[in-house]
Amino acid sequence: NRNFNIVIVGGGSAGIAAAASILKRNRKVSLAIIEPSSDHYYQPGWTMVGGGVFSKEFTRRDESRLIPNGADWIQSSVATFEPEENKLTLSDGARIGYDMLIVCPGIKLDWEAIKGLPETLGQNGVTSNYGYNLAPYTNRLVKDMTKGRALFTQPPMPIKCAGAPQKAMYLSCYRWEKEGVLPNIDVQFHNAGGVLFGVEAYVPALMEYIERYNAHLNFTSNLVAIDGERKIATFEQKDGDSTKRVEEAFDMIHVVPPQTAPDFIRSSPLAGETGFVAVDQATLQHTKYANIFSLGDACSAPNAKTAAAVRKQAPVVAVNALSVLNGGEAVAEYDGYGSCPLTVERGKIVLAEFGYGGKLLPSFPDWLIDGTRPSRLSWLLKDTILPPVYWHGMLKGREWMVKPQTKRAA
Ligand code: FAD
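My aim in this report is to walk through the structure given alongside it, one point at a time.

A look at helix α1 (residues 13-25)
Within an α-helix, residues lying three or four positions from one another point in the same direction, as the helix has 3.6 residues per turn. Here α1 contains 13 residues, and its C-alpha end-to-end distance of 19 Å stays within 8% of the 18 Å for a straight helix at 1.5 Å per residue. Within the sequence span of α1, burial applies to S13, A14, G15, I16, A17, A18, A19, A20, S21, I22 and L23.

Now the structure itself:
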């Protein structure tokens, strides 16, 4: 049994960023990161892998190289939480004690929820940018396609990077347009939700591309099964008060899996009603346990689940966790910022940036980047600037771009 001042569950975007941010502020705390995987992924790059812009290797690094100096890496999975005793249990039965716990194991991709999907993923024209080894298959399928029907699906919310399902479609269409084959391809977007994008300000620019690419929008149409060999996808569609099942033949289908809180979170005392870790949406402090914080995709805050959100959340959690550890209160607040760079064509992006309640929170003045319009500079940001900002800024705790707002003096 081991004990630490601070234990972080998950060494993904949120876990590494939070650890680095804490250790920048206080090098004296003992801090452990519990993370089973030897690999760390820059998932925002996967859209670009599917689009044939990045190699998949560009989005992976060894976890061991990212664990900040001064942190212990426990390479294992957390199985259960015992918050009343300030302890947790690993999958091998070992127990770890903490003064302060930070929970960020991400979101679960529920491939099994779609009947027939796991068996056929990565073959028969069935792909997804939501997997490191799958995104290159998107690139190959799009390159080879010259005619037929291409389906792109979006499951019910919440999902990480809500724009990613349509980004895959736009980048595919752009390539088909360039090759002159777009008129031979029937492009269908099936969205379990009822709108193209949750923040209205960005919809007009997106609709221009929907029209340009002649993509057909099917709302409240939820993928429930795939028969890979017959190349048939089954959707449940709202029809007034009832639902009907519709079968669609495809030549390629880009699937975004349904997503839920990880099982060990959902079944733990930390979970709120939705299954995610129940936190105050401003301080990111647990609603019941004062010495627990959560950030990233696993927390209940209603922001857009993105790495961009994590970039702003990590310093808020660092300030608040250290303050509470020292007997103070959670003083820093997060405004719900999240960002979704919508890759509408290769070379242009509609840069959605917004906070709680859909409030627009642009990082740049309008004359430089108007987020509601397609922009070349935004593409440069995604293609060239943001990956190093992630590896060398966010994961190192360099926060020149984010100053946590405090409601009271710390
Ligand atoms: P993750 O980075 O997923 O890390 C979770 C970690 O927890 C993992 O390392 C996992 O191994 C670990 N873990 C899981 N279970 C356990 C356990 N039991 N015990 C211990 N550790 C555990 N964001 C953007 O900002 N912009 C984008 O353009 C963008 N595009 C995206 C496109 C795609 C295709 C995808 C998939 C994501 C995209 N995102 C984007 C979202 C972004 O990647 C996530 O929001 C971000 O990675 C969340 O960080 P996290 O640390 O919460 O989760």
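Having put the structure on the table, let's press on.
Concerning the side chain of K167
Mapped onto the elements of the fold, K167 is located in helix α6 (residues 164-179). A distance of 3.3 Å separates the side chain of K167 from the backbone oxygen of P341, its partner in a polar contact. In this structure, K167 is in contact with T47, C161, C340, P341, L342, T343 and K382, ignoring residues within four places of it in sequence.

So, unusual backbone geometry
The linkage connecting M157 with the following residue, P158, adopts the cis geometry, with an omega of 0°. Note that P158 resides in the loop between β11 (148-154) and α6. At N86, a position not held by glycine, the phi torsion is positive, near 55°. Among the structural elements, N86 can be located in the loop between β6 (78-82) and β7 (87-90). Phi at N124 is positive, roughly 55°, even though this residue is not glycine. Mapped onto the secondary structure, N124 falls in the loop between α4 (117-120) and β10 (126-127). Classification of N124 by relative accessible area gives partly exposed; the value is 27%.

The rules we used
- Note on numbering: residues in each chain are counted from 1, in written sequence order.
- Side-chain atom pairs in this predicted model are given and counted only at pLDDT of 80 or more, local residue features only at pLDDT of at least 70, and totals for whole chains, interfaces and linings cover all residues.
- With hydrogens and water stripped out, all remaining heavy atoms of the structure feed into the side-chain values.
- Put simply, DSSP marks the helices as runs of H or I at least four residues long and the strands as runs of E at least two long, and each gets a number from the N terminus on.
- A helix's residues, less one, multiplied by 1.5 Å, set its expected span.
- Three labels apply to residues, based on accessible area from a 1.4 Å probe with only protein chains included: buried if under 20% of the type maximum, exposed if over 50%, partly exposed otherwise in between.
- Polar contact is defined as a pair of N or O atoms within 3.5 Å, subject to the rule that within protein one atom must be able to donate a hydrogen and the other to accept it, and that residues adjacent in sequence are counted only when both atoms are side-chain atoms.
- It only takes one pair of heavy atoms within 4.5 Å for two residues to be counted as in contact.

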